[in-house]
Amino acid sequence: MFVVLRDGTGFLQCVLTDQLCHTVEAVTLATESSVCLYGVIKALPDGKTAPDGHELVVDYWELIGSSPAGGTDNVLNEESGVDVMLDQRHIGIRGETLSKILKLRGVLTQAFREHYIARGYNEVTPPTMVQTQVEGGSTLFKLDYFGEEAYLTQSSQLYLESAVPALGDVFAIAQSYRAEQSRTRRHLAEYTHVEGECGFIDFEELLSRIEDLLVDVAQRVMDGPNAYLVHELNPGFKIPKKPIKRMDYSDAIKYLKEHNITKDDGTFYEFGEDIPEKPERTMTDQIGEPIFLLRFPAGIKSFYMKRVPNPTDPQDKSKELTESVDVLMPNVGEIVGGSMRMTGYEELLDAFKENGLKPEHYYWYTDQRKFGTFPHGGYGLGLERYLTWMANRDHIRECTIYPRFVDRCKP
């Protein structure tokens, strides 16, 4: 009788013989039962295979916790639909593939943290219950905070900006929330946000730091003892090479037209329009390498981004650009969004008014421009999206233990 033992560190094939197989516990043993086995590790006989090339020849064993007859196959199997797999996620994560992804997620999180520490950043833990917005009011999760309206945070960016004068370059690895009605392969309502904010830099330095982050973190994972997880999940994985390709937003619009990538109605995307996920991914997959997409029009980006004149028409403020960047990865799409930030107090107040926001709610943020403003910039990276790219997963929900998205808030 063979038993494959799993303890979170790996797998071990165990062999039970003779009287060890003739007990009630042995006859009724089902998958996912908890057992304790004693014996001797031996090399495999010629022609036999097992995890790590050895097996445990058992002398004695105990049943610690039984499983129902039929084991987990009655709950979850290869024929289960998506909703069943998500409902039974607590069983699914015991499977070999999902457990590898979750282990790699932990390794990846540690690699991000090690990158920042090595580069001299300080880690901060901003609040996730807030009364301000960063990325638009339509994607806010509202809550009653002791009688006051509050929200789950969309991003820690504003708080990180406030920390730079006190701590220097800072980062946070925290949960963010977006109430988007999106059912795409890359959207979650709750995700882990890796965010960095840097003082006294310009746009080129910001791009250099993001590039360094993407490459160094991948290198740390692949140089570490857990690189086997990447090799097993994504045998063809390659660390990005510097310099990463750069493309202006205006050139992306031209690319879409030249390659006949259109809207659903057959018309082309024009300058000033947001490029949705589908055409963005089509372009990225066609180019076949990571892309820094740069300098988006101010009208389609967030209020806090630094604005610069459009070189084609410097006098027309309606055509202003932003010092902004989206990082696009093949098979995933956008995984990073970043920008230089506005530094002028009056300019920032005007941006609040343009977006219908009340500056008084952001007094602690606008004060950063009153008390010693300085050039600074930052970015946010979706950990699950980075993992989706690294592990070559088809859907982002594979990359978090209990995914949250539209109509899914259990288990």
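Look up: the structure comes first, before these words.
Sequence order as written defines the numbering, with residues in each chain counted from 1. Totals for whole chains, interfaces and linings use all residues, but because this is a predicted model, local features are given only for residues with pLDDT of at least 70 and pairs of side-chain atoms are given and counted only at 80 or more. The basis for the side-chain values is all heavy atoms of the structure; hydrogens and waters are excluded.

Asker: It is not clear to me how the overall build of the chain should be interpreted in this structure. Could you clarify?
Answerer: Helix numbering and strand numbering both begin at the N terminus, where a helix is a DSSP run of H or I of at least 4 residues and a strand a DSSP run of E of at least 2. When its secondary structure is counted, the chain shows 12 helices and 17 strands. Burial classes: relative accessible area under 20% of the type maximum marks a residue as buried, over 50% as exposed, and values in between as partly exposed (1.4 Å probe, protein chains only). Across the 411 residues of the chain, 48% fall into the buried class. When checking whether two residues touch, look at their non-hydrogen atoms; a contact exists if any pair is within 4.5 Å. For the chain, long-range pairs separated by at least 24 residues make up 68% of all intrachain contacts whose partners lie at least 6 apart in sequence. Reported accessibility uses the Shrake-Rupley method at a 1.4 Å probe radius. Residues are deemed covered only where the shown protein chains occlude them. Accessible area for the chain stands at about 20800 Å²; split by element, carbon and sulfur atoms hold 50% of it. By the counting scheme adopted, Arg and Lys are positive, Glu and Asp are negative, and His together with the chain ends is not counted. Every charge is mapped onto a representative atom, which is NZ of Lys, CZ of Arg, CG of Asp or CD of Glu. Of the charged side chains in the chain, 44 are positive and 63 negative, and the gap between their average positions amounts to 2 Å.

Asker: Hey, could you run me through the packing of aromatic side chains in this one?
Answerer: Working definition: an aromatic ring pair is given by the centre-to-centre distance plus the angle between the planes. Aromatic rings from Phe, Tyr and Trp, with only the six-membered ring used for Trp, were paired whenever their centres fell within 6.5 Å, and each pair was classed as stacked if the ring planes differed by under 30 degrees, edge-to-face if by over 60, and tilted otherwise. Enumeration according to the criterion identifies 16 aromatic pairs in this entry. Plain terms: the ring middles of Phe303 and Phe352 are 4.9 Å apart, the flat faces sit at 40 degrees to each other, and that makes the pair tilted. Here Phe352 lies in helix α10 (residues 345-354) and Phe303 lies in the loop between β12 (291-294) and β13 (307-308), a separation of 49 residues in the sequence. Residue Phe303 shares its accessibility class with Phe352, and that shared class is buried. Grouped by ring-pair contacts, the aromatic residues Phe112, Phe237, Tyr386 and Trp389 constitute a single cluster.

Asker: It is not clear to me how the sheet that holds strand β7 (residues 141-145) should be interpreted in this structure. Could you clarify?
Answerer: DSSP calls a pair of strands paired once it identifies at least 2 bridges connecting them. Taking strand neighbours across the sheet as the criterion, the 3 strands line up as β6-β8-β7 in an open arrangement whose pairing is antiparallel. Bordering the open sheet on either side are β6 (129-130) and β7, each of which pairs with just one other strand. Sheet analysis places β6 next to strand β8 (residues 148-152), joined by 2 bridges and oriented antiparallel. Each bridged residue has a counterpart across the sheet, and for Met129 the counterpart in β8 is Leu152.

Asker: Can you help me understand unusual backbone geometry in this one?
Answerer: Negative phi values dominate among residues other than glycine, just as trans dominates among peptide bonds. Residue Lys242 is joined to Pro243 through a cis peptide bond whose omega torsion reads -5 degrees. Looking at where Pro243 falls in the secondary structure, it is placed in the loop between α7 (227-233) and β11 (245-248). Residues Lys410 and Pro411 are joined by a peptide bond in cis, for which omega reads -10 degrees. Its place among the elements puts Pro411 in the segment after α12 (383-391). Residues other than glycine seldom take positive phi values, yet Asp18 does so here, at roughly 50 degrees. With respect to the helices and strands, the residue Asp18 is situated in the loop between β2 (11-15) and α1 (24-27).

Asker: How should the pairing of strand β17 (residues 376-382) be read in this particular structure?
Answerer: Side-chain positions along a regular strand alternate between the two faces of the sheet. Across the 7 residues that make up β17, a large majority, 7, are buried. Burial of β17 is two-sided: the residues His376, Gly378, Gly380 and Gly382 facing one way and the residues Gly377, Tyr379 and Leu381 facing the other way are all buried. Examined bridge by bridge, strand β10 (residues 190-199) and β17 share 7 bridges and lie antiparallel to one another. When the sheet's bridge partners are listed, Gly196 is paired in β17 with Tyr379. Pairing of strand β16 (residues 333-340) with β17, which is carried by 5 bridges, proceeds in the antiparallel orientation. Residue pairing in the sheet places Ser339 in a bridge with Gly378 of β17.

Asker: Quick question: what am I supposed to make of α10 here?
Answerer: Helical geometry note: an α-helix holds 3.6 residues per turn, so side chains three or four residues apart project in the same direction. Burial in α10 covers these residues: Leu348, Leu349, Ala351 and Phe352. One side of α10 holds all its buried residues, which, seen down the axis, span an arc of 155 degrees. Projecting away from the buried face of α10 at angles above 90 degrees are the exposed residues Glu346, Lys353 and Glu354. Buried positions along α10 lie against β13 and α11 (363-370). Count one or two residues on from α10 and you reach Gly356, which has phi positive near 70 degrees. As used here, the arc belongs to the directions running from the helix axis to the C-beta atoms.

Asker: Quick question: what am I supposed to make of a nonpolar patch on the surface here?
Answerer: Within the patch definition used here, like charges are joined within 9 Å and nonpolar side chains (Val, Leu, Ile, Met, Phe, Trp, Tyr) within 5 Å, considering only residues with over 30% relative accessible area and no salt bridge. A pair is scored as a salt bridge if a Lys or Arg side-chain nitrogen falls within 4 Å of a carboxyl oxygen belonging to Asp or Glu. Taken together, the side chains of Met129, Tyr145 and Phe146 make up a nonpolar region of the molecular surface, amounting to roughly 380 Å² of accessible area. Following the sequence through the fold, Tyr145 ends up in strand β7. With relative accessibility at 36%, the residue Tyr145 sits in the partly exposed group.

Asker: Can you walk me through the sheet that holds strand β4 (residues 54-65) in this structure?
Answerer: In a beta sheet, neighbouring strands are held together by backbone hydrogen bonds and run either parallel or antiparallel to one another. Read across the open sheet, the 4 strands follow the order β1-β2-β4-β3; overall the sheet is mixed. One side of each edge strand has no neighbouring strand; the edge strands of this open sheet are β1 (2-6) and β3 (34-43). The sheet shows a mean angle of 40 degrees between the axes of neighbouring strands, taken without regard to direction. Of the strand pairs in this sheet, β1 and β2 are connected by 5 bridges, and their pairing is antiparallel. Axis lines are fitted to C-alpha atoms, over the contacting stretch for helices. Their N-to-C directions set the angle, which ranges from 0 to 180 degrees.

Asker: For this particular structure, what's the right way to read the pairing of strand β15 (residues 324-329)?
Answerer: Of all 6 residues that make up β15, 6 are buried, and the element is covered over most of its length. Alternating positions in β15 separate into two faces, Ser324, Asp326 and Leu328 on one and Val325, Val327 and Met329 on the other, with burial throughout. Relative to β16, β15 runs antiparallel, the two sharing 6 bridges. Residue pairing across strands places Ser324 opposite Ser339, the latter belonging to β16. What sits between the antiparallel neighbours β15 and β16 is a turn of 3 residues, in which Asn331 has the positive phi angle 75 degrees.

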